[in-house]
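Given next are the chains, with one letter for each unit.
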Amino acid sequence: MQTMLYMPHFALRPYIQIYMHSNVGGEGQRMELDLFPVGHSVMTFILNENHFLHNTTLNKYFNVRFNFTGQLNHYHHLITSPASMIYVMFKPFGAFRLLGIPQHLLVNECVLVSDILGGVINDLCQQMEDRAHSPKDVISLLEQWLLKQLKKSEKPQTERIALACQNIIFSGGNLPINELYRLTNMSKSSLEQHFKEQVGLSLKTFSRVIRFNRVNKFLIASATKDWQELVYRYGYFDQAHFIHEFKHFFGYSPSQIHLSHQNLASHVLSLEGNANDSSL
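What you are looking at is a predicted structure, and each value in this text was computed from that prediction instead of being measured.

Things to note about the pattern of salt bridges
Where charged atoms from two side chains of opposite charge come close, those side chains can pair.
(1) Moving on: Inspection of every chain in the model, using the stated rule, returns 5 salt bridges.
(2) Moving on: Among the salt bridges present, the one from E109 reaches K60, with a minimum N-O distance of 3.5 Å. Pair noted here: E109 is in the loop between α1 (94-99) and β10 (110-112) and K60 is in strand β6 (residues 60-62), with a separation of 49 residues, a long-range link.
(3) Moving on: In this structure, E192 and K188 form a salt bridge, with 3.4 Å as the shortest nitrogen-oxygen distance. Taken together, the residues span about one helical turn, with E192 and K188 both in helix α7 (residues 188-199) at a distance of 4 residues.
(4) Moving on: On the accessibility criterion, E192 (31% relative accessible area) is partly exposed.

So, in structure tokens, the structure goes:
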């Protein structure tokens, strides 16, 4: 898998994590991919027209060139044909801010962008198809469109939801929910409603995803595999709880990591710090 990362325009950085151009698989080769939740939703444009994707976890087939994938709340196994793809990885609340679509309706879903935004996206689709030979041009077109979306879209409570997400991430998913009510100065019902609408996941599930990703990064970077230490370090109830959570999100138990197939989520997260801060 080959991936190039690009930083978004300064005005979009509060809402977009990164742009990516990724090549998956070789000519005539089908690949198996494991995908786990990372707390982000993504918009994808596939540069090569003929593309096949089978989500075996959901037993769904996809052939959508310009698509949006909402937050994931569990592990997914994919079988895919070779593809060259452009990704826009949103921050947890970013897709709601820029697209205006309630995110809880799109959890674990991969849908045509035109199905959620209508015909207003058709001109952009055509322009990207005309320039599919140049990934950088496609990213530039997407960015110009997203900047226009930013100017015309105003959504309530986005700053408070951003604050909640930032604190959950900073705490590694271990911040008590009651503390979030205090930090955001929102009632329990209001915060939970707006959070689920804008992020897609509940406060509790998002916290679990963030904690799992923190554990996974530690396992990748560490030579030691002391499960009891991990249970204590990351605040799990016991070892059985830790293993259940890990398998739910990763698809394999902690001791079976070596059995997993190439993982797009792991690959992208490992490269985020190496993004090109280049003008598009």
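After that view of the structure, there is still more to cover.
So, the nonpolar core
(1) Moving on: Formed by 70 residues in total, the largest nonpolar core has its most connected members in M43, F66, F68 and F90.
(2) Moving on: Discounting residues that sit within four places of it in the chain, M43 has contacts with F66, N67, F68, I86, Y87, V88, F90, L99, V113, L142 and W145.
(3) Moving on: With 19 residues, the next largest nonpolar core counts L5, M20, L35 and V64 among its residues.

A look at the sheet that holds strand β1 (residues 2-6)
(1) Moving on: Taking strand neighbours across the sheet as the criterion, the 6 strands line up as β1-β2-β9-β4-β7-β10 in an open arrangement whose pairing is antiparallel. The strands lining the two open edges of the sheet, one partner per strand, are β1 and β10. Recorded for the sheet is a direction-independent mean angle of 25° between the axes of neighbouring strands.
(2) Moving on: Running at roughly 30° to strand β9 (residues 83-90), helix α4 (residues 135-152) makes contact with β1, β2 (16-24), β4 (42-46), β7 (66-69) and β9 of the sheet.

Some words on the packing of helix α3 (residues 122-130) against α4
(1) Moving on: Direction vectors running N to C along α3 and α4 enclose 165°, while the axes themselves pass 9 Å from each other. One way to sum up the angle between α3 and α4 is to call them roughly antiparallel. Note on packing geometry: the crossing formed by α3 with α4 is right-handed. The segment α3 lies against α4, with L124, Q127 and M128 engaging V138, L141, L142 and W145.
(2) Moving on: Tallied by class, the residues present in the contact of α3 with α4 amount to 6 nonpolar, 1 polar and no charged.

Observations regarding the side chain of T184
(1) Moving on: For T184, the position within the fold is in helix α6 (residues 177-184).
(2) Moving on: According to the relative accessible area criterion, T184 is buried, its value standing at 3%.
(3) Moving on: Once residues within four sequence positions are removed from consideration, T184 is found in contact with R160, L163, A164 and L191.

Some remarks on the sheet that holds strand β5 (residues 53-55)
Pairing between the strands of a sheet comes from backbone hydrogen bonds, and it takes one of two forms, parallel or antiparallel.
(1) Moving on: The strand order across the open sheet built from 4 strands is β3-β8-β5-β6, with neighbouring strands paired in antiparallel fashion. What marks the edges here is a single partner per strand, and that holds for β3 (31-35) and β6. Across the sheet, the mean angle from the axis of one strand to that of its neighbour is 25°, orientation sign disregarded.
(2) Moving on: Of the pairings in the sheet, the one linking β3 to strand β8 (residues 76-80) comprises 5 bridges and is antiparallel in character. For D34, the partnering residue across the bridge sits in β8 and is H77.

A look at unusual backbone geometry
(1) Moving on: A positive phi angle is found at N108, which is not glycine, with a value near 65°.
(2) Moving on: With respect to the element layout, N108 can be found in the loop between α1 and β10.
(3) Moving on: Residue classification places N108 among the buried residues on the basis of a relative accessible area of 15%.
(4) Moving on: The backbone phi angle of N185 is positive, close to 55°, even though this residue is not glycine.
(5) Moving on: Turning to its location among the elements, N185 is positioned in the loop between α6 and α7.
(6) Moving on: The exposure class of N185 is exposed, given its relative accessible area of 61%.

Regarding the environment of P14
(1) Moving on: Take P14: it is sitting in the loop between β1 and β2.
(2) Moving on: Owing to a relative accessible area of 39%, P14 belongs among the partly exposed residues under this scheme.
(3) Moving on: Between the C-alpha atoms of P14 and F93, which are 79 residues apart in sequence, the distance is 9.3 Å.
(4) Moving on: Aside from chain neighbours lying at most four places away, what touches P14 is K91 and F93.

About the thresholds
Residues numbered from 1 in each chain as written. Predicted model: local features only at pLDDT ≥ 70, side-chain atom pairs only at ≥ 80, totals over all residues. Heavy atoms only, no water. Salt bridge = Lys/Arg side-chain N within 4 Å of Asp/Glu carboxyl O. Helix = DSSP H or I, 4+ residues; strand = E, 2+ residues; numbered from the N terminus. Buried < 20%, exposed > 50% of the residue type's maximum accessible area, 1.4 Å probe, protein only. Core = buried A, V, L, I, M, F, W, Y, C linked by side-chain atoms within 4.5 Å. Contact = heavy atoms within 4.5 Å. Pairing = 2+ DSSP bridges. Axes fitted to C-alpha atoms, helices over the stretch in contact; angles between N-to-C directions. Parallel < 35°, antiparallel > 145°, perpendicular 65-115°, else oblique. Left-handed = near helix turned anticlockwise from the far one by under 90°. Nonpolar A, V, L, I, M, F, W, Y, C, P; charged D, E, K, R; others polar.

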